[in-house]
Amino acid sequence: VDPKIIFKIAIDMGASGIMLTHNHPSGNNRPSNSDHELTRRIVQFGKLIEMPVMDHLIITDNGYFSFSDNGLLR
């Protein structure tokens, strides 16, 4: 995942914020260490350009995990 591409698309679309989402085919909706690190980097970049990350959702067949609901978008 390249944060530059994510934000370029959002800027080109005139977005004022973004939501991230991806799936975990394993069925485990808990974020991995790399999910945490990538989210942290994207959130920091969004703050720098004043385009907030509203949430990052991990979707599985068994439910979802929300970084926002769990206070992890700081």
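Heads up: the structure comes first, above all this text.
Source: prediction; values computed, not measured. All residue numbers refer to position in the chain's written sequence, counted from 1. In keeping with the predicted nature of the model, local features appear solely for residues at pLDDT of at least 70, side-chain atom pairs appear and are counted solely at 80 or more, and the whole-chain, interface and lining totals rest on all residues. Excluding hydrogens and water, the side-chain figures rest on all heavy atoms present in the structure.

J.: I would appreciate a short explanation of the overall build of the chain in the present structure.
T.: Only runs of H or I of at least four residues qualify as helices and only runs of E of at least two qualify as strands under DSSP, and these elements are numbered from the N terminus. Helices and strands together make up the secondary structure of the chain, namely two helices and three strands. If you list the helices and strands of the chain from N to C, you get α-β-α-β-β. All radius of gyration figures rest on C-alpha atoms, and the globule criterion is 2.2 Å times the number of residues raised to 0.38. The C-alpha atoms of the chain give 12 Å as radius of gyration, which agrees with the globular expectation for 74 residues (11 Å, within 12%). For the chain, the spread of C-alpha atoms along the principal axes amounts to about 35 × 20 × 20 Å.

J.: How should I be thinking about the pattern of salt bridges in this particular structure?
T.: In a structure, side chains of opposite charge can pair up when their charged atoms sit close to one another. One speaks of a salt bridge when a side-chain nitrogen belonging to Lys or Arg is within 4 Å of a carboxyl oxygen belonging to Asp or Glu. Evaluated as defined, the whole model comprises three salt bridges. Here Lys-8 makes a salt bridge to Asp-12, at a shortest N to O gap of 2.5 Å. Of this pair, Lys-8 and Asp-12 are both found in helix α1 (residues 3-12), four residues apart, which corresponds to roughly one turn of the helix. For the pair Lys-8 and Asp-12, a shared accessibility class is recorded, and that class is exposed. Here Arg-40 ties to Glu-37 by a salt bridge, and the two come within 2.6 Å at their closest N and O atoms. One end of the pair is Arg-40 and the other is Glu-37, both in helix α2 (residues 33-48) and three residues apart, which spans about a single turn. Each residue is placed in one exposure class: buried if its accessible area under a 1.4 Å probe, protein chains only, is under 20% of its type's maximum, exposed if it is over 50%, and partly exposed if it falls in between. On the basis of relative accessibility, which here comes to 43%, the residue Arg-40 falls in the partly exposed class. Overall, the relative accessible area of 36% leaves Glu-37 in the partly exposed class.

J.: For this particular structure, what's the right way to read the nonpolar core?
T.: Side chains of a nonpolar character, in soluble globular proteins, are inclined to be buried together. Within this scheme, the nonpolar core is defined by two criteria: the residues are buried Ala, Val, Leu, Ile, Met, Phe, Trp, Tyr or Cys, and they are joined through side-chain atoms within 4.5 Å. Core analysis: the biggest nonpolar cluster contains 13 residues, and Phe-7, Ile-18, Ile-42 and Val-53 have the highest contact counts within it. Secondary-structure elements contributing two or more residues to this core are α1, β1 (18-23), α2 and β2 (53-60). Sorting elements by how many residues they give to this core places α2 first, with three residues. Residue contacts follow a heavy-atom distance rule, with two residues in contact if any of their heavy atoms lie within 4.5 Å. Setting aside residues up to four positions removed in sequence, Ile-42 forms contacts with Val-1, Pro-3, Ile-6, Phe-7, Ile-18, Leu-20 and Val-53.

J.: Before we go on, may I ask you to explain the environment of Pro-52 in this structure?
T.: Among the secondary structure elements, Pro-52 is positioned in the loop between α2 and β2. Taking the relative accessible area as the measure of exposure, Pro-52 reaches 37% and is therefore partly exposed. As for Pro-52 and His-22, which are separated by 30 residues in sequence, their C-alpha atoms are 18 Å apart. Leave out the neighbours within four places in its chain, and Pro-52 touches Ser-16, Gly-17, Ile-18 and Gly-46.

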